[in-house]
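Descriptive structure summary
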Amino acid sequence: MRSLVRSRKGIIVVLQWLLVIVLAVVGTTTEAGRASPLFFWGLIILAALGNIAIMRQPVPSFYQPTQWAQLFIADTVVVGTAIYFIRGFDVDIYLPYFLIILTAAFTRSIARGVLVALAISAAYLFLVWRSGGKGNLLSVEMLIRVPLFFVIALFTSYLAHGARLQQEAEAESRVLADQVSLLQQLAAGIAHEVRNPL
């Protein structure tokens, strides 16, 4: 179990479980749901089963280039659908959610992703307070959104950071392969001149 938590796969699994737990808490603390609770809890169970499947997935297939993109898209759809089942098409929560996803993905750094979540959460709470929701601001339904924003920012920025590291490693290996090719050509030229002097 320790090796799972120390690997990139383990970190992603932990972040996904955090996302499922925070979504479940958001769903239980929200007063009025848009759809039947059966749909929402079915989605949470589906996300949990997806996490179990990822935990059981062999490590080599987990690190395939398209795996993380598929994971990101699937989680974005699951969270967006869960928010729809909780609140409907409420711009109040969708706007910060997608803003965090976009900015955390563009920063491609975990530390900057956390700063983005902090800034957007502070701006979100300020705008709610400013719009007259002073009594609503300290409700559990409102405050649980901040951890949701942070988990989403962590997950998105971690995936973007991993993609950046993978791109850098691929670029470095291409440069190394080019250098080896040049050295091979140079060695072949020298060997030819040694064998067949002018």
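In case you missed it, the structure is sitting above this.
Just so it is clear, the model here is predicted, and its values are computed rather than measured.

Tallying each qualifying case throughout the model produces one cavity of 30 Å³ or more. By volume, the largest cavity amounts to about 60 Å³. As for the largest cavity, its lining consists of Leu19, Phe72, Asp75, Thr76, Val79, Tyr97, Ile101, Ile152, Phe155 and Thr156. The set of elements that each furnish at least two residues to the lining of the largest cavity consists of helix 5 (67-87), helix 6 (91-107) and helix 10 (145-195). With four residues, the single largest contributor to the lining of the largest cavity is helix 5. Here the residues of the lining of the largest cavity are counted per class, giving seven nonpolar, two polar and one charged.

A few words on the nonpolar core. With 33 residues, the main nonpolar core has Val79, Tyr97, Leu148 and Ile152 as its most contacted residues. Elements that contribute at least two residues to this core include exactly helix 2 (8-29), helix 3 (37-56), helix 5, helix 6, helix 7 (110-130) and helix 10. The element that contributes the greatest number of residues to this core is helix 2, accounting for six residues. Ignoring any residue separated from it by four or fewer positions in sequence, one finds Tyr97 in contact with Asp75, Thr76, Val79, Gly80, Ile83, Phe149 and Ile152. Core analysis: the next-biggest nonpolar cluster, separate from the first, contains 10 residues, Ile12, Val13, Trp68 and Tyr158 among them.

Here we take up the layout of surface pockets. For the second largest pocket, the calculated volume is near 230 Å³. As for the second largest pocket, its lining consists of 15 residues, and the residues nearest its centre are Gln16, Ile54, Leu71, Ala74 and Asp75. For the lining of the second largest pocket, the leading source of residues is helix 5, giving six residues. When its residues are assigned to classes, the lining of the second largest pocket shows nine nonpolar, five polar and one charged.

Bringing the side chain of Asp75 into the picture now. You can see Asp75 is positioned in helix 5. In contact with Asp75, other than residues within four places in its own chain, are Gln16, Leu19, Tyr97 and Phe155.

We now examine the packing of helix 5 against helix 6. At a minimum axis separation of 11 Å, helix 5 and helix 6 run at an interaxial angle of 165 degrees. Accordingly, the angle class assigned to the pair helix 5 and helix 6 is roughly antiparallel. Crossing hand, helix 5 versus helix 6: right-handed. In contact with Phe72, Asp75, Thr76, Val79, Gly80, Ile83, Tyr84 and Arg87 of helix 5, helix 6 contributes Ile93, Tyr94, Tyr97, Phe98 and Ile101.

Looking now at the environment of Leu46. You can see Leu46 is positioned in helix 3. Since its relative accessible area comes to 54%, Leu46 is described here as exposed. Between the alpha carbons of Leu46 and Thr29 there is a distance of 20 Å; along the sequence they are 17 residues apart.

Criteria and thresholds
Residues numbered from 1 in each chain as written. Predicted model: local features only at pLDDT ≥ 70, side-chain atom pairs only at ≥ 80, totals over all residues. Heavy atoms only, no water. 1 Å grid on protein atoms, 1.4 Å probe; cavity = no way out; pocket = protein on both sides within 12 Å on 5 of 7 lines; lining within 4 Å. Points joined across faces, edges and corners; volume = space filled by probe spheres on them. Helix = DSSP H or I, 4+ residues; strand = E, 2+ residues; numbered from the N terminus. Nonpolar A, V, L, I, M, F, W, Y, C, P; charged D, E, K, R; others polar. Core = buried A, V, L, I, M, F, W, Y, C linked by side-chain atoms within 4.5 Å. Buried < 20%, exposed > 50% of the residue type's maximum accessible area, 1.4 Å probe, protein only. Contact = heavy atoms within 4.5 Å. Axes fitted to C-alpha atoms, helices over the stretch in contact; angles between N-to-C directions. Parallel < 35°, antiparallel > 145°, perpendicular 65-115°, else oblique. Left-handed = near helix turned anticlockwise from the far one by under 90°.

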